[in-house]
Amino acid sequence: NAGVMQNPRHLVRRRGQEARLRCSPMKGHSHVYWYRQLPEEGLKFMVYLQKENIIDESGMPKERFSAEFPKEGPSILRIQQVVRGDSAAYFCASSPYDNSPLHFGNGTRLTVT
Amino acid sequence: KQEVTQIPAALSVPEGENLVLNCSFTDSAIYNLQWFRQDPGKGLTSLLLIQSSQREQTSGRLNASLDKSSGRSTLYIAASQPGDSATYLCAVNQAGTALIFGKGTTLSVSS
């Protein structure tokens, strides 16, 4: 049973470009969470999704950021018109049901130049 | 609003020493508390999960305790080894929210 798969591992974008981060949850997991880790900061919750539904997006910036978890395929975190402050490690986690232990991927490290 | 604090932020110990990492949280209404390990440039590995009804969990040289009423948890590492060097993160889970993390304690064990 493969773990949570995130790709790409590293992503470099110039200011103003779009970044698309993918997350495939563990088999049988229908709950997906996205977290952001800034240098010297802890992990900050961004968004919680179930298949085709956004459950909680209270941690996600209102502009430029969006997330989806379609019926088929991976969850996508999309950042439009990236700025240098978006440079961070973005982690995805999945779980089989609410309030169950989370399993984390290895993250995507986004660098905005 | 739940806040999780970890003390100390960094810790250096010689190999073989027993050590304690501390985690405190402001709202005691939690479902569970997890301790994770993060190696540089890597993801998170779950170490121990304590349900709100439990007092402690043990795995090998690791022992985590939970005192919900005082809002505290400790992670005890026995006979530390250089391979234990990593950042240790504490996180709490409560109704209606995703996991809330502390900033972590970065541990360095020298040989």
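Residues numbered from 1 in each chain as written. Chains lettered and ligands numbered in written order. Predicted model: local features only at pLDDT ≥ 70, side-chain atom pairs only at ≥ 80, totals over all residues. Heavy atoms only, no water.

Draft legend 1. Region of the structure containing the overall build of chain B. Counting its regular elements, chain B contains zero helices and 11 strands. Secondary structure elements of chain B occur, N-terminal to C-terminal, as β-β-β-β-β-β-β-β-β-β-β. The globule rule puts the C-alpha radius of gyration for 111 residues at 13 Å, and the 13 Å found for chain B is close to it. By residue count, 44% of the 111 residues in chain B fall in the buried class. Counting contacts in chain B only where the partners sit at least 6 residues apart, residues at least 24 apart contribute 53% of the total. Surface exposure of chain B reaches about 5,200 Å², of which carbon and sulfur atoms provide 47%. The distance from the centre of the 8 positive side-chain charges to the centre of the 8 negative ones in chain B is 5 Å. (Helix = DSSP H or I, 4+ residues; strand = E, 2+ residues; numbered from the N terminus. Rg over C-alpha atoms; globule rule 2.2 N^0.38 Å. Buried < 20%, exposed > 50% of the residue type's maximum accessible area, 1.4 Å probe, protein only. Contact = heavy atoms within 4.5 Å. Areas by Shrake-Rupley, 256 points an atom, 1.4 Å probe, with all protein chains shown as cover. Lys, Arg positive; Asp, Glu negative; His and termini not counted. Charge placed at Lys NZ, Arg CZ, Asp CG, Glu CD.)

Draft legend 2. Main features of the overall build of chain A. If you tally the helices and strands in chain A, you get zero helices and 11 strands. The N-to-C order of helical and strand elements in chain A reads β-β-β-β-β-β-β-β-β-β-β. Relative to a compact globule of 113 residues, whose C-alpha radius of gyration would be 13 Å, chain A shows 13 Å and is just as compact. Across its three principal directions, the C-alpha atoms of chain A cover 35 × 25 × 25 Å. Within chain A, the fraction of its 113 residues that count as buried is 44%. By element, 46% of the accessible surface of chain A is carried by carbon and sulfur atoms, the whole surface being about 5,900 Å². Measuring between centres, the 16 positive side-chain charges of chain A sit 8 Å from its 11 negative side-chain charges.

Draft legend 3. Structural context of the interface of chain A and chain B. Listed per partner, the contact involves 18 residues of chain A and 19 residues of chain B. Of the roughly 1,400 Å² buried between chain A and chain B, counting both surfaces, carbon and sulfur atoms make up 53%. The largest per-residue losses of area from chain A upon contact with chain B belong to Leu43(A), Asn99(A) and Phe104(A), which jointly make up 36% of the total buried on that side. Taken together, chain A and chain B are joined by zero salt bridges. Counting the contacts that link chain A with chain B gives five residue pairs in polar contact (both at pLDDT 80 or more). Of all the elements in the fold, those that place two or more residues in the side of chain A that touches chain B are strand 4 (31-37) and strand 5 (43-50) of chain A. Here the side of chain A that touches chain B is composed, by residue class, of eight nonpolar, five polar and five charged. (Buried area = accessible area lost by both parts, 1.4 Å probe. Salt bridge = Lys/Arg side-chain N within 4 Å of Asp/Glu carboxyl O. Polar contact = N/O pair within 3.5 Å; in protein donor to acceptor, adjacent residues only side chain to side chain. Nonpolar A, V, L, I, M, F, W, Y, C, P; charged D, E, K, R; others polar.)

Draft legend 4. Structural detail: the nonpolar core. Ranked by internal contacts, the top residues of the largest apolar core, which has 23 residues, are Trp34(A), Met46(A), Leu77(A) and Tyr90(A). For this core, the secondary structure elements donating two or more residues are strand 3 (19-24), strand 4, strand 5, strand 7 (65-68), strand 8 (75-79), strand 9 (88-95) and strand 11 (108-112) of chain A. Tyr90(A) has contacts with Gln6(A), Leu21(A), Tyr35(A), Arg36(A), Met46(A), Phe65(A), Leu77(A), Ile79(A), Gly107(A), Thr108(A) and Leu110(A), leaving out every residue within four places of it along the chain. Judged by nonpolar contacts, the second largest core, of 22 residues, contains Val4(B), Cys23(B), Ile77(B) and Tyr88(B). (Core = buried A, V, L, I, M, F, W, Y, C linked by side-chain atoms within 4.5 Å.)

Draft legend 5. A look at the state of the cysteines. Residue and element names in this part refer to chain A. Throughout the structure, instances matching the rule amount to two disulfides over all chains. Across the disulfide from Cys23 sits Cys92; the S-S distance is 1.8 Å. On the sign convention where negative is left-handed, the bridge of Cys23 and Cys92, at about -55 degrees about the S-S bond, is left-handed. Here Cys92 lies in strand 9 and Cys23 lies in strand 3, a separation of 69 residues in the sequence. Cys92 shares its class with Cys23; the two are buried. (Disulfide = S-S within 2.5 Å.)

Draft legend 6. Structural detail: the pattern of salt bridges. This model, assessed by the stated rule, comprises five salt bridges over all chains. A salt bridge links Asp39(B) to Arg37(B); its shortest N-O distance comes to 3.0 Å. Take Asp39(B): its relative accessible area is 26%, and that puts it in the partly exposed class. In the salt-bridge network here, residues are joined through shared partners; they are Glu18(A), Arg20(A) and Arg78(A).

Draft legend 7. Here's a closer look at unusual backbone geometry. Note the cis peptide between Asn7(A) and Pro8(A), where omega equals 0 degrees. Assignment of secondary structure puts Pro8(A) in the loop between strand 1 (5-7) and strand 2 (10-13). A cis geometry characterises the amide bond from Ile7(B) onward to Pro8(B), with omega recorded as 0 degrees. Within the secondary structure layout, Pro8(B) lies in the loop between strand 1 (4-7) and strand 2 (10-14).

The values are spatial; any link to function lies outside them.
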